[in-house]
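Below are the chains, spelled out letter by letter.
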Amino acid sequence: MDATSSNPNGLFNRSTKGLITDPVEFQVEAGRISFFAETLGERNPIHHDRAAAQAAGHPDVVAPPTFAIVVDLETGRALERQGKPSVLARIGCDYRRLLHGEERYDYHGAIHAGDRLSITTEVLGFEDKKGGALELAHLRSEIRHPERGLLVSITRSLVHRLA
Amino acid sequence: MTDLTTAQPGDRLPPVAFGRITRQILALYAGASGDHNPVHVDLDFARKAGLDDVFAHGMLSMGVLARVVTGWAGQDRVVSVSNRFMAITPVGANLTCSGEVAERLDIGGVPHLRVALAADVTLDDGRTARTLAGEALVRAD
């Protein structure tokens, strides 16, 4: 994760190392949770039906574990609607060359329909691999609830294929 | 929900056979997840990027991978899930996700299980590939 190493073909904006974004808010809706779960083939009613979720001890339908990606990507798009760059735009992602390297979720609490969440992202750094054929960006995001605190942290590496 | 108090390394989790990843599934996942990267749904874009075809969102497979854990342990017990993306998933691939208990461990006096996870695909021509290799940590009290 040495930001000072330079790759002449690199596309990531390495000057963004250390950037921590301002919080962006996201309103969790039951329909979005259900739609997301459905596309994963997940039929557990705690993701689709409020009464079933409540019977299982939850206040409302529960987001599946990887729903954090929805919070992340939709807040990025909300910024773009306001004419502001998303984190992915700020670090210089080129979708023609972009691959996903690694993804990790650490859970501290569940996300439920009705939650008003906020997300921040830190640009941890950049890295060259395979003799410069690949460049990696390392990011960490935190999803928080105003009363319940940190719910999920996301650690991610994104990859540009340069060769 | 499974009784995890007696789970041991080597125990296999019930696999999740997702089936064929169609273009329609990729379109729906793009909308549901908010990942609108055109390389997953727009063949014109993929070809301009030098690819033969679109390929599946890695996060679609990770979502199915997490189902292996939640279906076995219950979501409330899941502490973390992580994976490396080893290879792209071509459209039309058949996806199966699996897991196996790797280790029992004690964290702060609470029993936990570390679970090794894998996503594997079979293509129409019979070729197979491991697309994700991951792990999860679950509470086993």
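Identification of chain B as Acyl dehydratase from Gemmobacter megaterium is taken from an unreviewed UniProt entry.

Under an unreviewed UniProt entry, chain A has the name N-terminal half of MaoC dehydratase and belongs to Gemmobacter megaterium.

Asks: Please clarify how the pattern of salt bridges should be interpreted in this entry.
Replies: Proximity of charged atoms lets side chains of opposite charge pair with each other. All names here are of chain A. Taken as a whole and assessed by the stated rule, the structure comprises 22 salt bridges over all chains. Here D72 makes a salt bridge to R156, at a shortest N to O gap of 2.4 Å. With a gap of 84 residues between them, D72 in helix α3 (residues 68-81) and R156 in strand β5 (residues 149-161) connect regions that are remote in the sequence. R156 shares its class with D72; the two are buried. Salt-bridge contacts for D106 lead to R104; the nearest nitrogen and oxygen are separated by 2.9 Å. Overall, D106 belongs to the buried group, its relative accessible area being 18%. Bridged by salt links that share partners, the residues R14, D128 and E135 form one connected network.

Asks: Honestly, the UniProt feature "domain: FAS1-like dehydratase" (unreviewed entry) in chain A in this entry has me stumped. Any pointers?
Replies: UniProt records the feature "domain: FAS1-like dehydratase" (unreviewed entry) at residues 17-143 of chain A, using the numbering of this structure. Secondary structure within residues 17-143 of chain A divides into 27% helix and 30% strand; the distance between the first and last C-alpha atoms comes to 20 Å.

Asks: Explain the side chain of T66(A) here, please?
Replies: Looking at the secondary structure, you find T66(A) in the loop between α2 (50-55) and α3. Residue classification places T66(A) among the buried residues on the basis of a relative accessible area of 1%. Setting aside residues up to four positions removed in sequence, T66(A) forms contacts with F36(A), L40(A), Y105(A), Y107(A), M59(B), M62(B), G63(B) and A66(B).

Asks: Could you clarify how one ought to interpret the interface of chain A and chain B in this entry?
Replies: Often, the extent of an interface is quoted as the loss of accessible area on bringing the components together. Between chain A and chain B, the contact holds 31 residues from the first and 34 residues from the second. Carbon and sulfur atoms make up 61% of the area that chain A and chain B hide from each other, which totals about 2,700 Å². On inspection of chain A and its partner chain B, the count reaches one salt bridge. Note that E42(A) and R67(B) form a salt bridge whose closest N and O atoms lie 3.8 Å from each other.

Asks: Sorry if this is basic, but what is going on with the pairing of strand β4 (residues 110-122) of chain B here?
Replies: Every other side chain in a regular strand lies on the same face of the sheet, so the side chains alternate between the two faces. Residue and element names in this part refer to chain B. With 13 bridges connecting them, strand β3 (residues 94-107) and β4 associate as antiparallel partners. Across the sheet, residue V101 finds its bridge partner in β4, namely V115. Hairpin connection from β3 to β4: two residues lie between these consecutive antiparallel strands, with G108 at a positive phi of about 60 degrees. What sits between β4 and strand β5 (residues 128-139) in their antiparallel hairpin is a turn of five residues, with G126 showing a positive phi close to 95 degrees.

Asks: What's the story with unusual backbone geometry in this structure? I'm lost.
Replies: Glycine aside, residues mostly have negative phi angles, and peptide bonds mostly take the trans form. Even without glycine at this site, K130(A) takes up a positive phi of about 50 degrees. When its relative accessible area of 68% is taken as the criterion, K130(A) is described as exposed.

Asks: Looking at this structure, how should I read the UniProt feature "domain: MaoC-like" (unreviewed entry) in chain B?
Replies: Per the UniProt record, "domain: MaoC-like" (unreviewed entry) is annotated on residues 21-103 of chain B. For the annotated span residues 21-103 of chain B, helix accounts for 40% and strand for 22% of the residues, and the straight-line distance between the end C-alpha atoms is 32 Å.

Asks: Looking at this structure, I do not really get the nonpolar core. What am I missing?
Replies: It is characteristic of soluble globular proteins that their nonpolar side chains tend to be buried jointly. By size, the foremost hydrophobic cluster in this structure holds 82 residues, and its most contacted members are F67(A), I91(A), Y105(A), I111(A), I143(A), V152(A) and W72(B). The leading source of residues in this core is helix α3 (residues 58-73) of chain B, at nine residues.

Asks: I tried to follow the packing of aromatic side chains on my own but got confused; where do I start?
Replies: Any two aromatic rings considered together are summarised by their centre-to-centre distance and by the angle between their planes. Here the structure, examined in full by the defined rule, presents four aromatic pairs over all chains. Both rings, one in F36(A) and one in F67(A), keep their centres 5.7 Å apart while their planes meet at 80 degrees; by these two values the pair is edge-to-face. Taken together, the residues span a long stretch of sequence, with F36(A) in helix α1 (residues 30-39) and F67(A) in the loop between α2 and α3 at a distance of 31 residues. Judged by centre distance (5.9 Å) and plane angle (45 degrees), the rings of F36(A) and Y29(B) are tilted. Placement of F36(A) in helix α1 and of Y29(B) in helix α1 (residues 23-33) is noted, with the two residues assigned to different chains. Residue F36(A) is classed as buried on the basis of its relative accessible area of 0%. Overall, the relative accessible area of 0% leaves Y29(B) in the buried class. Joined through ring pairs, the aromatic side chains of F36(A), F67(A) and Y29(B) make up one cluster.

Asks: In this structure, what is going on with the packing of α3(A) against α1(B)? I would like to understand it.
Replies: When two helices pack together, their arrangement is given by the angle between the helix axes and the distance between those axes. Their axes nearest at 8 Å, the elements α3(A) and α1(B) cross at an angle of 75 degrees. With respect to α1(B), the element α3(A) is oriented roughly perpendicular. Mapping the contact onto sequence places I69(A), V70(A) and L73(A) in α3(A) and Y29(B), A32(B) and S33(B) in α1(B). Tallied by class, residues from the contact of α3(A) with α1(B) come to five nonpolar, one polar and no charged.

About the criteria used
- Residues numbered from 1 in each chain as written.
- Chains lettered and ligands numbered in written order.
- Predicted model: local features only at pLDDT ≥ 70, side-chain atom pairs only at ≥ 80, totals over all residues.
- Heavy atoms only, no water.
- Salt bridge = Lys/Arg side-chain N within 4 Å of Asp/Glu carboxyl O.
- Helix = DSSP H or I, 4+ residues; strand = E, 2+ residues; numbered from the N terminus.
- Buried < 20%, exposed > 50% of the residue type's maximum accessible area, 1.4 Å probe, protein only.
- UniProt positions renumbered as here; feature names shortened; annotations may be inferred.
- Contact = heavy atoms within 4.5 Å.
- Buried area = accessible area lost by both parts, 1.4 Å probe.
- Pairing = 2+ DSSP bridges.
- Core = buried A, V, L, I, M, F, W, Y, C linked by side-chain atoms within 4.5 Å.
- Phe/Tyr/Trp six-rings, centres within 6.5 Å; stacked < 30°, edge-to-face > 60°.
- Axes fitted to C-alpha atoms, helices over the stretch in contact; angles between N-to-C directions.
- Parallel < 35°, antiparallel > 145°, perpendicular 65-115°, else oblique.
- Nonpolar A, V, L, I, M, F, W, Y, C, P; charged D, E, K, R; others polar.

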